[in-house]
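The primary structure of each chain is shown beneath.
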Amino acid sequence: MRELIFERSTPGIENVFLPPCLKAPEQAAVDRKFISDGSPELPEVGELDIIRHYMNLSKLNFSVDTNFYPLGSCTMKYNPKINEEIAGWKEFSHLHPYLPEEHVQGMLEIIWELQESLKDISGLQGVSLTPAAGAHGELAGNFIIAKYFRERGEKRHIMLIPDSAHGTNPASAVMAGFTPVEVASDKKGDIDIEALKGKLSPEVAGIMMTQPNTLGIFDSNFRKIADLVHAAGGLVYMDGANMNAMMCHVKPGEIGVDVMHFNLHKTFSTPHGMGGPGSGPVAVGKKLVPYLPVPVAEKDSTGIFRLEYGLKNTIGQIKEGYGNIGVMLRALVYILALGRDGLKEAADIAVLNANYLKARLVKHFHLQYDGITKHEFVLDNEFQKGAGVKTLDIAKRLLDYGYHAPTVYFPLIVHEAIMIEPTETESKKALDDFADTMIRIAEEAKSDPGILKNAPVKTPIRRPDEVKAAKNPVLKWTKK
Ligand SMILES: *Cc1c(COP(=O)(O)O)cnc(C)c1O
């Protein structure tokens, strides 16, 4: 373990030189009993030591800007620096969120223009940018569906969720008051149509489809599924966090989707991970527009922009302000920089890259669902398990080679899953280097599986208890 700065302290070493104290009045403003009489026990170290300490800490960060980051389901693409620069302009970052509308026409135009772009990309008629993340967009979408049926006097409490859906889907449905019911996949990774038919009833409010699903597969029966759900009186929700694979190729609104969310921080480039920041706009078809969370930006016939808070059936306000403006700015810059053709090409290359990597790896790692994948694919340890090698060992060994591990043990329908999403921003050379490393690990699993089981050996810490590290982080130094 690295030495902590407190442990390097040498009494008497100073690096802070404070100006002399102004003469303060005798009477202390704070009651003496609240003032400690001991020293604050700050570490005593020289300036260079402290610089090195923080520089070395900063180098422990892993990011897309430093190495390949093929975290399936998370779309860890490179985020162009122009987005960062523009989002940081003080004309944006210094705006107070509650300035009068006539003072922030430019900002409102940006919000409106992003709403319009997302309407175009989704093929849907209304967008609210306010949800703060993908899961928050799902929750808003579920609230919309719940309120829609409540107003119609229909008691529909079931939300159908395929077993290949993202894990947040059932959680969002439950939070909105629905009972999630699982629908099985068939051998190809599509929804099992017969299983779906067996679950449809007048109690079903809808279905939540992650598309492409967590296997990276776009359901070849999507239209048929939407028609079946609609015929049973339900609505179709599409989890659009994977739009990176299909933007400007398919408009969800044209294939039967009633409600969807985007993940701006995945598809439209914002650095993310470790909990934020995010933005999960919700998009809806015509009959659901009055239900959107408020505010939404509107433009009147004279070109003046305003915020509408009074939509007829709105589910209300789900976040203070208007959503995460910084993420929206990055998304709009990305959309305008690429244009429709550029976005379409980005999707093409994301799919090409995933299929290229898959083709290089299938001889060395088992692939359970071998349909045409889109932006990601899911391998497992079937070929390595004979040697006692688990997926976790493969992932840990990748760390020694300088890679972020792919997503592991998800989706749950693949035992010992390892889920790889390269994104469109990686070069062929980067993909080849990664494939070579994976193949080398497959060889190691045969020749010396102990290497994998002991990995990682090159990281600052080896195998922490990941749940405990996330739930009970020790963020404060205490003197031993
Ligand atoms: C990431 C993701 C989500 C959740 O998005 P958050 O912004 O992390 O809340 C939902 N569905 C899918 C398919 C995702 O990949």
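A quick note: this is a predicted structure, and the numbers were derived from the prediction, not measured. (Residues numbered from 1 in each chain as written. Predicted model: local features only at pLDDT ≥ 70, side-chain atom pairs only at ≥ 80, totals over all residues. Heavy atoms only, no water.)

Asker: Explain the sheet that holds strand S11 (residues 377-380) here, please?
Answerer: Strands in a sheet are paired, the pairing made by backbone hydrogen bonds, and the direction either parallel or antiparallel. Strand order in this open sheet of four strands is S10-S11-S13-S12, and the pairing throughout is antiparallel. Both outer strands of the open sheet, strand S10 (366-367) and strand S12 (407-408), are each paired with one neighbouring strand and no more. Where S11 lies against strand S13 (residues 418-420), three bridges are found, and the strand directions are antiparallel. Each bridged residue has a counterpart across the sheet, and for Leu 379 the counterpart in S13 is Ile 418. In this fold helix H10 (residues 325-361) packs onto S10, S11 and S13, with an angle of close to 20 degrees to the strand it touches most, S11. (Pairing = 2+ DSSP bridges. Helix = DSSP H or I, 4+ residues; strand = E, 2+ residues; numbered from the N terminus. Contact = heavy atoms within 4.5 Å. Axes fitted to C-alpha atoms, helices over the stretch in contact; angles between N-to-C directions.)

Asker: Would you mind showing me how to read a nonpolar patch on the surface here?
Answerer: The grouping of Val 30, Phe 34 and Ile 35 at the surface amounts to a nonpolar patch, some 300 Å² of accessible area in total. Within the secondary structure, Phe 34 sits in the segment before helix H1 (47-58). Here Phe 34 falls in the exposed class, since its relative accessible area comes to 62%. (Patch = residues over 30% accessible without salt bridge, like charges linked within 9 Å, V, L, I, M, F, W, Y side chains within 5 Å. Areas by Shrake-Rupley, 256 points an atom, 1.4 Å probe, with all protein chains shown as cover. Salt bridge = Lys/Arg side-chain N within 4 Å of Asp/Glu carboxyl O. Buried < 20%, exposed > 50% of the residue type's maximum accessible area, 1.4 Å probe, protein only.)

Asker: Which parts of the structure should I look at to understand the pairing of strand S2 (residues 158-162)?
Answerer: Residues in a regular strand project their side chains so that they alternate between the two faces of the sheet. The buried fraction of S2 amounts to five of the five residues, a majority that puts the element mostly inside the structure. For S2 and strand S3 (residues 179-183), the ladder comprises five bridges, and the chain directions are parallel. Note on S3: the bridge partner recorded for Ile 158 is Thr 179. In terms of handedness, the path from S2 via helix H6 (residues 168-175) over to S3 forms a crossover that is right-handed. Pairing geometry for S2 and strand S4 (residues 204-210), over three bridges, is parallel. Note that in S4 the partner of Met 159 across the bridge is Gly 206. (Right-handed = clockwise from strand over helix to strand, strands pointing away.)

Asker: Explain the site of the ligand here, please?
Answerer: The full set close to the ligand counts 14 residues, and Ser 73, Gly 134, Asp 239, His 265 and Lys 266 are the nearest of them. A distance of 2.7 Å separates an oxygen atom of the ligand from a polar atom in the backbone of Ser 73. Measuring from a nitrogen atom of the ligand, one finds a side-chain N or O atom of His 166 at 3.3 Å. In isolation the ligand exposes 380 Å². Once the protein is present, 85% of that is buried. Secondary-structure elements contributing two or more residues to the shell around the ligand are helix H5 (134-151) and helix H9 (264-267). Considering each element in turn, the shell around the ligand owes the most residues, three residues, to H5. For the shell around the ligand, the residue count by class is three nonpolar, eight polar and three charged. (Near = heavy atom within 4 Å. Polar contact = N/O pair within 3.5 Å; in protein donor to acceptor, adjacent residues only side chain to side chain. Nonpolar A, V, L, I, M, F, W, Y, C, P; charged D, E, K, R; others polar.)

Asker: What am I meant to see in the domain arrangement of the protein chain here?
Answerer: Where interface size is given, it is often the accessible area lost as the parts come together that is meant. Here the domain parsing of the protein chain yields domain 1 (6-59), domain 2 (81-337) and domain 3 (342-468). Summarising the inter-unit geometry, the C-alpha centres of domain 1 and domain 2 are found 49 Å apart. (Domains from an automatic or database assignment.)

Asker: How do you make sense of the side chain of Asp 190 when you look at a structure like this?
Answerer: Along the chain, Asp 190 turns up in the loop between S3 and helix H7 (193-199). Polar contacts involving the side chain of Asp 190 include one to the side chain of Ser 220, which spans 2.6 Å. Ignoring sequence-local partners within four residues, the contact set of Asp 190 consists of Ser 185, Ile 217, Phe 218, Asp 219, Ser 220 and Asn 221.

Asker: Before we go on, may I ask you to explain helix H11 (residues 391-400) in this structure?
Answerer: Each full turn of the α-helix corresponds to 3.6 residues, which orients residues three or four apart in the same direction. Counting buried positions along H11 gives eight out of ten residues, so the element sits mostly inside the fold. Residues of H11 that are buried include every one of Thr 391, Asp 393, Ile 394, Ala 395, Lys 396, Arg 397, Leu 398 and Asp 400, and no others. Buried-residue contacts for H11 involve S11, S12, S13, helix H12 (428-447), helix H13 (449-454) and helix H14 (466-471).

Asker: Sorry if this is basic, but what is going on with the packing of aromatic side chains here?
Answerer: Working definition: an aromatic ring pair is given by the centre-to-centre distance plus the angle between the planes. Counted by the stated rule, this structure contains twelve aromatic pairs. Pairing Phe 262 with Phe 268 gives two aromatic rings, centres 6.1 Å apart and planes at 50 degrees, and the pair type is tilted. Exposure class is identical for Phe 262 and Phe 268. Each is buried. Site record: aromatic cluster; members linked through ring pairs are Phe 68, Tyr 403 and Phe 434. (Phe/Tyr/Trp six-rings, centres within 6.5 Å; stacked < 30°, edge-to-face > 60°.)

Asker: Hey, could you run me through unusual backbone geometry in this one?
Answerer: Peptide bonds are mostly trans, and most non-glycine residues show a negative phi. A cis geometry characterises the amide bond from Gln 211 onward to Pro 212, with omega recorded as -20 degrees. Residue position: Pro 212 is located in the loop between S4 and helix H8 (222-231). Following Phe 410, the chain continues to Pro 411 via a peptide bond in cis, the omega torsion being 0 degrees. Topologically, Pro 411 is positioned in the loop between S12 and S13. Phi angles above zero are rare outside glycine, and Ser 269 is one such case at about 65 degrees. With respect to the helices, strands and loops of the structure, Ser 269 is situated in the loop between H9 and strand S7 (282-284). Backbone geometry at Glu 416 places phi at a positive 55 degrees, although glycine is not the residue there. Within the secondary structure layout, Glu 416 lies in the loop between S12 and S13.

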